[in-house]
Amino acid sequence: MSLLQFSLPSPSFATAIPRPNLKPNNAGPTLSLVNGITTPSRRSDPSIRVVLPAGSSRRQFRGVVCYAAPVSPQSLQWVSAVSAAVLMLAKGTTIQKSFLVPLFALQAPTSIISWIKGKYGTWTVFLALLVRLFYFIPGELVLPFLAMLLVIVAPYETMNLRGTQAGTIISLAIAGYLAFQHFSRMGSLRRAFDQGSIVATLAVICIAIVPCLFLV
């Protein structure tokens, strides 16, 4: 009777099963920006592509991408209108405030001009004129109503200067003249930034800077 013999292979001849290489091909994905700036990332997902909005500036600080949106023309008009209104009511300046009336008409936002020319603005000016006929109103309070009256009765050709280069140059000339009056009559920059006149000084600077930004 024959015996069946089974022989097992020696461990030295056993074929080693290769272990899969779990190491990724690259060190890590990168955060790719449209403008060519790459920021390293430790995430395991593929690379992320970020599309930035047109017209926005980009800054990279410690791996954080910051967006700085440009200031809109309407925001600049609001700054100029508020600064002119503050100067009409401020007491820390000796400028000729009547120049603020045409400056306000040229630099005020479209929404304010539409409201003044509308029903509520017309009624406001009408009631202010009635009060002025029978009662004394200080000059600081009369200037805002005069500005509204100028906007209402201004010819169509004059209001068309708003938003144009010619209107911006006129506004810059008025603002420059008022800034010259303010700082020359103050005597020194230190007095211009005193506690009683710092608000008027900041308003003068704002109405002078806004037309310059429109011309850039």
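What counts and what doesn't
Residues numbered from 1 in each chain as written. Predicted model: local features only at pLDDT ≥ 70, side-chain atom pairs only at ≥ 80, totals over all residues. Heavy atoms only, no water. Helix = DSSP H or I, 4+ residues; strand = E, 2+ residues; numbered from the N terminus. Buried < 20%, exposed > 50% of the residue type's maximum accessible area, 1.4 Å probe, protein only. Contact = heavy atoms within 4.5 Å. Areas by Shrake-Rupley, 256 points an atom, 1.4 Å probe, with all protein chains shown as cover. Axes fitted to C-alpha atoms, helices over the stretch in contact; angles between N-to-C directions. Parallel < 35°, antiparallel > 145°, perpendicular 65-115°, else oblique. Left-handed = near helix turned anticlockwise from the far one by under 90°. UniProt positions renumbered as here; feature names shortened; annotations may be inferred. Core = buried A, V, L, I, M, F, W, Y, C linked by side-chain atoms within 4.5 Å. Expected span 1.5 Å × (residues − 1). Arc of directions from axis to C-beta. Polar contact = N/O pair within 3.5 Å; in protein donor to acceptor, adjacent residues only side chain to side chain.

## Focus: the overall build of the protein chain
Across its full length, the protein chain holds nine helices and five strands. Counting across all 216 residues of the protein chain, residues that qualify as buried make up 28%. Partitioning the intrachain contacts of the protein chain with sequence separation of at least 6 by distance along the chain shows that 59% fall at a separation of at least 24. For the protein chain, the accessible area works out to roughly 15400 Å², and carbon and sulfur atoms hold 66% of it.

## Remarks on the packing of helix H2 (residues 100–107) against helix H5 (residues 139–153)
Close contact between H2 and H5 brings their axes to 9 Å; oriented N to C, the two are set at 50°. Overall, the two elements H2 and H5 adopt an arrangement that is oblique. Relative to H5, the crossing made by H2 is right-handed. Residues Val-101, Pro-102, Phe-104 and Ala-105 of H2 form the contact with H5, whose own contacting residues are Leu-143, Leu-146, Ala-147, Leu-150 and Val-151.

## Details of the UniProt feature "transmembrane region" (unreviewed entry) in the protein chain
The UniProt feature table records "transmembrane region" (unreviewed entry) at residues 98–116, 122–154, 166–184 and 196–215. Helix and strand shares over residues 98–116 are 79% and 0% respectively, and the end C-alpha atoms of the span are 19 Å apart. A helix fraction of 100% and a strand fraction of 0% characterise residues 166–184, whose end C-alpha atoms lie 27 Å from each other.

## Notes on the nonpolar core
In terms of nonpolar packing, the biggest core is built from 30 residues, with Leu-87, Leu-100, Phe-104 and Ile-207 touching the most fellow members. Looking at this core, the elements with two or more residues in it are helix H1 (73–89), H2, helix H3 (110–117), H5, helix H7 (165–186) and helix H9 (198–215). Considering every element that reaches this core, the biggest residue donor is H2, with five residues. Excluding residues that lie within four positions of it along the chain, Ile-207 makes contacts with Ser-80, Ser-83, Ala-84, Leu-87, Leu-100, Leu-103, Ala-175 and Leu-178.

## Some words on helix H4 (residues 119–134)
Between the first and last C-alpha of H4 there are 24 Å, a value that for 16 residues agrees with the 22 Å anticipated at 1.5 Å per step. Among the residues of H4, Gly-121, Val-125 and Ala-128 are the ones counted as buried. End-on view of H4: buried residues confined to an arc of 65°, all on one side of the axis. For H4, the exposed residues lying more than 90 degrees away from the buried face are Lys-119, Tyr-120, Trp-123, Leu-133 and Phe-134. In the core, the buried residues of H4 are packed alongside H3 and H5.

## Overview of the side chain of Gln-107
Its place among the elements puts Gln-107 in helix H2. Within the structure, the side chain of Gln-107 is placed 2.8 Å from the side chain of Ser-171, a separation counted as a polar contact.

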